[in-house]
There are 2 protein chains.
Amino acid sequence: MPKTRRIEGVLAPVVTPFRKDYAPDAERFVRHCRWLLKSGCAGLAVFGTNSEANSMSVAEKRKLLEALVAGGVPASALMPGTGHSALSDSIEMTKAAVALGCAGVLMLPPFYYKGVSDEGLYRNFAEVIERVGDERLQLYLYHIPPVSQVAITLPLIDKLLDKYPGIVAGLKDSSGEWSNTKAMLDAFGKRGFDVFAGSEVFLLDNMRHGGKGCITATGNVNPGPIDNVYRNWRSADADKLQAGISATRKIVQKQPMIPALKGIIAHFGNDPQWMTCRPPLVELNGGQQEALIRDLTANGFSMPGLAA
Amino acid sequence: MPKTRRIEGVLAPVVTPFRKDYAPDAERFVRHCRWLLKSGCAGLAVFGTNSEANSMSVAEKRKLLEALVAGGVPASALMPGTGHSALSDSIEMTKAAVALGCAGVLMLPPFYYKGVSDEGLYRNFAEVIERVGDERLQLYLYHIPPVSQVAITLPLIDKLLDKYPGIVAGLKDSSGEWSNTKAMLDAFGKRGFDVFAGSEVFLLDNMRHGGKGCITATGNVNPGPIDNVYRNWRSADADKLQAGISATRKIVQKQPMIPALKGIIAHFGNDPQWMTCRPPLVELNGGQQEALIRDLTANGFSMPGLAA
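Keep in mind the model is a prediction, meaning the values are calculated, not measured. (Residues numbered from 1 in each chain as written. Chains lettered and ligands numbered in written order. Predicted model: local features only at pLDDT ≥ 70, side-chain atom pairs only at ≥ 80, totals over all residues. Heavy atoms only, no water.)

Caption draft 1: Structural view of the packing of helix 10 (residues 238–252) of chain B against helix 12 (residues 286–298) of chain B. Residue and element names in this part refer to chain B. It is at 9 Å that the axes of helix 10 and helix 12 come closest, and there the two elements cross at 165°. With respect to helix 12, the element helix 10 is oriented roughly antiparallel. Regarding helix 10 and helix 12, the two cross each other, and that crossing is right-handed. Residues Thr248, Ile251 and Val252 of helix 10 pack against Leu292, Asp295 and Leu296 of helix 12. Residues that form the contact of helix 10 with helix 12 fall into these classes: four nonpolar, one polar and one charged. (Axes fitted to C-alpha atoms, helices over the stretch in contact; angles between N-to-C directions. Helix = DSSP H or I, 4+ residues; strand = E, 2+ residues; numbered from the N terminus. Parallel < 35°, antiparallel > 145°, perpendicular 65-115°, else oblique. Left-handed = near helix turned anticlockwise from the far one by under 90°. Contact = heavy atoms within 4.5 Å. Nonpolar A, V, L, I, M, F, W, Y, C, P; charged D, E, K, R; others polar.)

Caption draft 2: Representation of the relation of the copies chain B and chain A. Of the two same-sequence chains, chain B is brought onto chain A (RMSD 0.0 Å, axial shift 0.0 Å) by a rotation of 180°. Taken together, the rotation and translation describe the operation of a two-fold axis. Take the interface residues of chain B: 100% of them recur as interface residues in chain A, which is what a same-surface contact looks like. (Least-squares fit on C-alpha atoms with pLDDT ≥ 70 in both.)

Caption draft 3: Here's a closer look at the environment of Ala243 of chain A. Residues and elements named next belong to chain A. Counting through the fold element by element, Ala243 comes out in helix 10 (residues 238–252). Since its relative accessible area comes to 46%, Ala243 is described here as partly exposed. Separated by 44 residues in the primary sequence, Ala243 and Ser199 have C-alpha atoms spaced 13 Å apart. (Buried < 20%, exposed > 50% of the residue type's maximum accessible area, 1.4 Å probe, protein only.)

Caption draft 4: Molecular detail of the packing of aromatic side chains. Under the defined criterion, the tally for this structure stands at 15 aromatic pairs over all chains. Ring centres of Tyr112 of chain A and Phe111 of chain B lie 4.8 Å apart, and the angle between their planes is 65°; this geometry places the pair in the edge-to-face category. With one member in each of two chains, Tyr112 of chain A in the loop between strand 3 (105–107) and helix 4 (118–132) and Phe111 of chain B in the loop between strand 3 (105–107) and helix 4 (118–132) form a pair that bridges those chains. Since its relative accessible area comes to 1%, Tyr112 of chain A is described here as buried. On the numbers, 6.5 Å between centres and 20° between planes, the contact of Trp178 of chain A with Phe202 of chain A is stacked. Of this pair, Trp178 of chain A sits in helix 7 (residues 178–188) while Phe202 of chain A sits in the loop between strand 6 (194–197) and helix 8 (203–208), placing them 24 residues apart in sequence. Given a relative accessible area of 19%, Phe202 of chain A falls into the buried group. Pairwise contacts between aromatic rings join Phe111, Tyr112 and Tyr113 of chain A together with Phe111, Tyr112 and Tyr113 of chain B into one cluster. Sitting over the ring of Tyr112 of chain B, Lys114 of chain B keeps its end group 5.5 Å from the ring centre. When the ring centre of Tyr122 of chain B is taken as reference, the NZ or CZ atom of Lys159 of chain B above it lies at 4.3 Å. (Phe/Tyr/Trp six-rings, centres within 6.5 Å; stacked < 30°, edge-to-face > 60°. Lys NZ or Arg CZ within 6 Å of the ring centre and 35° of its normal.)

Caption draft 5: How the structure looks around the sheet that holds strand 6 (residues 194–197) of chain B. All names here are of chain B. The strand order across the open sheet built from seven strands is 2-1-7-6-5-4-3, with neighbouring strands paired in parallel fashion. Pairing within the sheet leaves two strands with one partner each, and these edge strands are strand 2 (43–44) and strand 3. In the sheet, strand 1 (residues 9–12) pairs with strand 7 (residues 213–215) via three bridges, with the strands oriented parallel. Within strand 7, the residue paired with Gly9 across the bridge is Gly213. This element, helix 7 (residues 178–188), spans strand 4 (139–143), strand 5 (168–173) and strand 6 of the sheet and lies at about 165° to strand 5. (Pairing = 2+ DSSP bridges.)

Caption draft 6: Looking closely at the side chain of Ser55 of chain A. Note on placement: Ser55 of chain A falls in the loop between strand 2 (43–44) and helix 2 (58–70). On the accessibility criterion, Ser55 of chain A (0% relative accessible area) is buried. Those residues in contact with Ser55 of chain A, other than ones at most four positions away along the chain, are Arg278, Pro279 and Pro280 of chain A together with Ser85, Ala86, Leu87, Ser88 and Tyr113 of chain B.

Caption draft 7: Layout of the interface of chain B and chain A. Contacts between the two partners involve 43 residues from chain B and, on the opposite side, 43 residues from chain A. Between chain B and chain A, a total of about 3300 Å² is buried, with carbon and sulfur atoms accounting for 59% of that surface. Counting the contacts that link chain B with chain A gives two salt bridges. Linking Arg123 of chain B and Glu283 of chain A is a salt bridge whose minimum nitrogen-to-oxygen distance equals 2.9 Å. When residues of the side of chain B that touches chain A are traced back to their parent elements, those giving at least two are helix 3 (87–99), helix 4 and helix 5 (145–148) of chain B. (Buried area = accessible area lost by both parts, 1.4 Å probe. Salt bridge = Lys/Arg side-chain N within 4 Å of Asp/Glu carboxyl O.)

Caption draft 8: The arrangement of the pattern of salt bridges in detail. Residues and elements named next belong to chain A. Under the defined criterion, the tally for this structure stands at 44 salt bridges over all chains. The salt bridge involving Arg62 is made with Glu92; its shortest N-O contact spans 2.9 Å. Within this pair, whereas Arg62 is found in helix 2, its partner Glu92 is found in helix 3 (residues 87–99), the two being separated by 30 residues in sequence. The class of Arg62 is partly exposed, set by a relative accessible area of 29%. The exposure class of Glu92 is partly exposed, given its relative accessible area of 33%.

In short, the description is geometric, and any link to function would need to be established separately.
This is the structure in structure tokens:
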């Protein structure tokens, strides 16, 4: 089977809307995904950390993914998160993503057990690849030690690339350390391994060193200006554009990230139901929401075309 | 509906056998559970940390639980782990356990997101209790911050006990800190809240301060002597008995705990397939297994009645 074309550019780890009873809200989800693709996102890393993906079951995520495709979101723009604590869940979710024709999958390491060996992690990813057994699979590793507490090391990447070239396609680096992203670019950039920064703060640096874009929380609310940096990274005013998107991120980051993204969408989309987070996360309180919107508005922030 | 009688004594977080292809092995699982109940365990905390529970899907665990009950293991002896990263998984697994008549469930907090608030954790547990909606539910909280990285705090317990007395039944403390166990006993011991030590090292201390027993990894291989401490904690030689089981644990702990438990069962049960761990865990290597068995044998360790 032919590989789909690889995604490059800005991807949003799409936040997941919930109803009052905490059920995932497919209709609002499809609507937001369509807005993101119209507004600057090259792809959608649905079911990432910012999506509260690990607060949802595989069945709930499969249903949402099917709703996206049925709702006209092209599978070629999708890079769903499919890594779970349980090997069997990772296999099921990855199979479902490949069957739907998704461009790739973004895979967390199993994250319950801590201090596990590279050999154990290698076996986990290898077992998923073998069980999925489909040449179309494009697997992006997801390195986010501040949350997962389990790291994707350089020797692990090397071993996986040796065994599964053409399937192991890249990585999202949410370590928050540019030196780590740089080390990965230096080591694997020439082996068909696409490195995405985990925050737009590193977008320009990443592009200048051979990276392919970023997969970033704030892509949910600020996709246009971030995409502008991606498109113009070689231009004379690239540093100025970068400073602009970094400043916006700094404002959002003053509040807890996931509830803040939802608060922004709720406000600029005139849709308060977007505030809801699934436990264990909690929505912003009134004071937090007020401060967030005030700071963003004072900075000239907007979300063109979001409100119905 | 009448409540089942609460379990007290020694519980094993039963290790889960896997086949060569990493599929859960229900037949070996039932056999080991029956041996444990014959050999000193008052109950079985299946699907705990030591069970590699978080490496299995809800569907796999439900099948194993049904196999146990079908295989003659009394549901009144079962306290399955039902806490997952995903709220919906925790609800499904808890419902299944209650429907089968299990004596209780041992519930991890959602463990992917770190630094979450007590309010978020309260909502998680409250939502599970409300959705299960069954007075038979006996919920034991599972505090294991070294692995989960998410703690069950005293204020959280207090709030849950206030709202759900008679349902919130107790806690397993795997903090590894006696001072924490003691604080929980002091604060909640008189409110029908049963505290289990997470290691037999604290069994005698726990009994002397009003605790109800222990739920311990090594209960998988050394249930008789541990139960002996539980039964004789008021006797004159209790400290000597305690020293004996602590010494055995010390030997086992020299190796990675879960592979070590499986290596011991494989050796003393003449059943090498027991060695297998599901990724991301890895079985002991030859040298580790040899050292473990040599040290245990030198200490007079045995597993009476295990070998077929």
